[in-house]
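Reading the structure
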Amino acid sequence: MRPNLLEVEHVNKIFTRGGFVSRRVNHAVNDVSFSLAADKPEVFTIIGESGSGKTTLAGMILNSLPPTSGQIRFRGKDLREIRSRRARLEFMSHVQAIFQNPFDAFNPLKRIDRYLFSAAQRFTECRTSEKAAERADEALHKVGLSLAEVRGRYPHEMSGGQLQRVAIARALVSNPSLIVADEPVSMIDASLRMTVINLFKKLRDEFGVSIIYITHDLATAYYISDRLIIMQKGRVVEGGDARTVLAAPQHPYSIKLRQAVLSVDDAWRDSSFTGGMPAIAT
Amino acid sequence: MSTLRILRDLLRYNGEFAVGLMLVLIVLAVAGCSFFSPYPPMDVYVVPPDVPPSWEYPLGTTSRGQDVFWQLTFAIRNTLLFGIVVAALSRVISLLVGLISGYKGGWVDRILMSINDTFVVVPLFPILVLFYFIMRDEMTWAMLAIITALLGWAYDARLIRSIAMSLRTREFTRQAVFSGMSTGKIVFQEHLPFVLPIVFSTTMNNINWSIGIEVTLSVLGFTDINTPTIGGMIYWANQHTAMVSGIWWWITFPIMLVIMLFIGLFLLAISMNEYIDPRSRLSRLGGQA
Amino acid sequence: MIAELRSIPSSDVVKAPQAVPLLSVDGLKAYYKVKLFGIDREVRAVDDVSLKINRNEIYGLAGESSSGKTSLIKTIAGAIRPPLRVVEGSVRFAFKDGERDIYKLSPHELSAIRWSHLSYIMQGSMSVLNPVRRIKHAFADFALPHVSAKGADFTRLVERHLKRLHLDPAVLQAYPHELSGGMRQRVTIALATICSPEFIIADEPTTALDVIVQKGVLSMIREIQQEFGSSVLFVTHDMAVHANLTDRLGIMYAGRLVEEGRTRDVFKRPLHPYTAHLISSLPRIGDEAPKKGLEGSPPSLADPPPGCRFHPRCPLAIDICRREAPPMVEILPGHRTACHVAQADPARVRPVA
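1. What to know about a positive patch on the surface
- A cluster of like positive charges, contributed by A:Arg83, A:Arg85, A:Arg88, A:Arg122, A:Arg127 and B:Lys104, occupies part of the molecular surface.
- Within the secondary structure, B:Lys104 is located in helix 3 (residues 68–104).

2. Section: the interface of chain C and chain A
- On the chain A side, the residues contacting the 47 residues of chain C number 40 residues.
- Among the residues chain C hides against chain A, the three largest losses belong to C:Ile212, C:Asn244 and C:Ile285. Together they make up 20% of the total.
- Here chain C is connected to chain A by 1 salt bridge.
- For C:Glu288, the salt bridge goes to A:Arg243, with nearest N and O atoms at 3.3 Å.
- Linking chain C with chain A are 13 residue pairs in polar contact (both at pLDDT 80 or more), by the criterion used here.

3. A short note on the confidence of the model for chain B
- Per-residue pLDDT for chain B averages 85, and the proportion of residues at 70 or more is 93%.
- Considering each helix and strand of chain B separately, the mean pLDDT is smallest for helix 12 (residues 278–285) of chain B, with a value of 58, and largest for helix 8 (residues 171–178) of chain B, with 93.

4. Remarks on the sheet that holds strand 7 (residues 199–203) of chain C
All names here are of chain C.
- Reading across the sheet, the 8 strands line up as 6-7-8-3-9-10-12-11 and stay open at both edges, with mixed pairing between neighbours. Each edge of the open sheet carries a strand with a single partner, namely strand 6 (118–121) and strand 11 (329–332). Here the average twist between neighbouring strands, direction ignored, is 20°.
- Where strand 9 (residues 248–253) lies against strand 10 (residues 256–262), 6 bridges are found, and the strand directions are antiparallel. When the bridges of strand 10 are listed, Arg248 appears paired with Arg262.
- Those strands touched by helix 10 (residues 273–280) are strand 9 and strand 10, and its axis lies near 110° from that of strand 9.

5. A word on the sheet that holds strand 2 (residues 24–36) of chain A
All names here are of chain A.
- Taken together, the 4 strands give an open sheet; going across it, the order is 2-1-4-5, and neighbouring strands pair in antiparallel fashion. With partners counted over all chains shown, the strands left at the sheet margins are strand 2 and strand 5 (77–78), one partner each.
- Here strand 1 (residues 6–17) runs beside strand 2; their pairing, made up of 9 bridges, is antiparallel. Note on strand 2: the bridge partner recorded for Leu6 is Leu36.

About the cut-offs
- The written sequence of each chain sets the order in which its residues are numbered from 1.
- Ligands are numbered from 1 and chains lettered from A, in the order in which they are written.
- Confidence filtering applies because this is a predicted model: local features only for residues at pLDDT of at least 70, side-chain atom pairs given and counted only at 80 or more, and all residues used for totals across whole chains, interfaces and linings.
- Heavy atoms from the whole structure form the basis of all side-chain values; hydrogens and water molecules are not counted.
- Patch rule: a residue counts if its relative accessible area is over 30% and it has no salt bridge; like charges are joined within 9 Å, and nonpolar side chains (Val, Leu, Ile, Met, Phe, Trp, Tyr) within 5 Å.
- All accessible areas in this document rest on Shrake-Rupley with a 1.4 Å probe, and a residue is counted as covered only by the protein chains that are shown.
- For this document, the term salt bridge refers to a Lys or Arg side-chain nitrogen within 4 Å of an Asp or Glu carboxyl oxygen.
- A residue counts as positive if it is Lys or Arg and as negative if it is Asp or Glu; His and the chain ends are not included.
- Charged side chains are reduced to one point each, which is NZ for Lys, CZ for Arg, CG for Asp and CD for Glu.
- Put simply, DSSP marks the helices as runs of H or I at least four residues long and the strands as runs of E at least two long, and each gets a number from the N terminus on.
- Contacts were defined at the residue level, with two residues in contact if any of their heavy atoms lie within 4.5 Å.
- Buried area: the accessible area, evaluated with a 1.4 Å probe, that two parts lose upon being put together, summed over both parts.
- Polar contacts here mean pairs of N or O atoms no more than 3.5 Å apart (in protein, one a potential hydrogen donor and the other a potential acceptor; neighbouring residues in sequence count only if both atoms are side-chain atoms).
- Each residue carries a pLDDT value, the predictor's own confidence for that position, ranging from 0 to 100.
- Strand pairing follows a simple DSSP-based rule, namely that at least 2 bridges must link the two strands.
- Here the axes come from fitting lines to C-alpha atoms, over the contacting stretch only for helices, and the angles between their N-to-C directions go from 0 to 180 degrees.

So, in structure tokens, the structure goes:
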């Protein structure tokens, strides 16, 4: 049997701060385990508020941070063994990242295409610049753009939605099997947000990419996830099928979180219609 | 944008730049005249001594029988060259140390910064004098430049490191990492443009600083007096008690020229800073920082 | 279609137009003029915006990152600094003790109405509170010059105000970092409202907060508004917040107000294609229908398209949209929109999935 795509096993991350006298310990990730199957691409969502450890967890999955204890395996291989530059490049060609702020995701003084070309030359067999450009164009087409639209342009010439799509294309250049996206739409305007969200669905369905979607937003999580875990202060409090968990959360924290979501539909349900005085003033 | 257009824009819209450039150009012109000097720089008693400024000797002559103007052309050339060499060398060191230390962090940072801090706390002047006493005749102009450069990078490396550290946490740095870029590429292509303003303004300041060092050491006689420099000229003037005997032109003109250079470089530094600063550059491009 | 429109209850809920609204913005144009090394740029951040905010209501302002909403509230608050400049139009407040035209006030008069009449709640509570000083000092620094009470009277006043907002006066002894993000934002709100201001500008006050504490902060703002009978201009890009909090809602797009009406009306019966899209593309828990993003990108305010600024992205655009900028017209009672199509036939604008 093929090993799982990703296995996270009893992972802990402890940050210690301060000197000898006042040592402060922050248990950022506390005994987290989950796994993604190799042959079934899915959108796996990690839900958490600030301080839940979700970004730390993402950093460990991306091999940017070593876990304090526990093991993370990608296709059966412990990430700790990936140390040399060659091994890291090989790993990055399979596991890619998308970041939160599209306006900061590209160097404002450089042209955007350099990242696409660099990824093509480092991660694929495209050594010449023509081949790399072809590869970049191919990846851009997957997100509904083309190299002609992007070539030679600076980040400030594009909207947040476009930038995030270029970032996704950049991650796709090496045909990865896993993409970790940390709050990828929280900074994107409402009218452009769904384009990016739908793109993740397309990646899963058409290109077989598994996605770890990290967010605090339950509504988009419901819209695209297959499975999810809910984290609170480093621990996983609840997990399972996304629709089931969000429709009927069991853990007190999940219930609280679910109830805190402001819904447009509920806004007028129990209001008495007096000048739009909503249900919120309880 | 072409360099010519940048120059034109700066001249048109930036008064400090225009004045600074003019002052520096005058100094450069004086230095350039050294190539047409009728007298070799070290020869003495080639003209009548102690002649005040006149038509024949516009800046007068020294008690050693040298023409002050032609002497000055050699002196400012060497002094300026000294400053530029020191600044260039020390910029290279501070850039390497600052960028790599800030980007890499961890033990690399700790080692580089402990070296850095050693250089920050080392008392500069006694060290230079000490070198002079140890090396004596081997203390050539070039040697002094290298030693000064080695002592003059530490503060700016710390400054560059602090910028590199904040750049490291920016998302585009992670984007570069996940695009497979190497440390060298990230540091020198992604991060370097952000520290260039600092490098430019510190270059000017560093030239000024090293010229100051050179002049001070020469005046005290702690340098190779066989190379004519501004400090060397003042040294000889003092040896001949020029001020007391009323040969004011021997000392006044070198000092005036060096002050012109100081002010010119300073004005260039502040005006170019405004132009190169990524934020003002971005707003010209039409973006937001 | 007509019947459907009529089915929305109107007259009794739309408040009778008041003689003088608390805030009247008329034909406001505020541009950024940047001049750097010979390159002139003019960014029309606010372009011909007119709106009125009544007493005793929460007016929501929604818009994307480059829609000009931030520039609009800056000009309303009188915080205009170069390169932002007001080119045309007026902002007038009808406070209880007299009318004020915000651009005709001297800096001294402006600072006199701040806090006491006009107050500002910002997004980042940390930037308001000094991290090394206790909360009580923040109250003394900001509010003391604006109230008549001094010393122990002042402390009593602050404590009474905090109690009225259901906050424990013990927070006065705390340092900002000892409080949670939600509590800090509550304290900032308490700070901004200590003088019972008539007009409160709330600029994305809950955007940086966790979902769990957001609701509490929102209901606090609602309570303050009811307690003092103030008007609140509430700015956020989060449509769900608008749905749950605001009484009336204005939608901005590319520097212009494109739709305005009772919040419920705007949500149930959007009259601008942009609003219609915003609302129908909101993901909801329990709703699995596919949602679409809007094609294209918001225009650059330095070089906006001619005519209606939304036309390049609008599914309903017709010829006139490319040539003429639509005026704001009241189509339904209290419900205005700037859309040629809706003005010809409101039924054509409908939520599309």
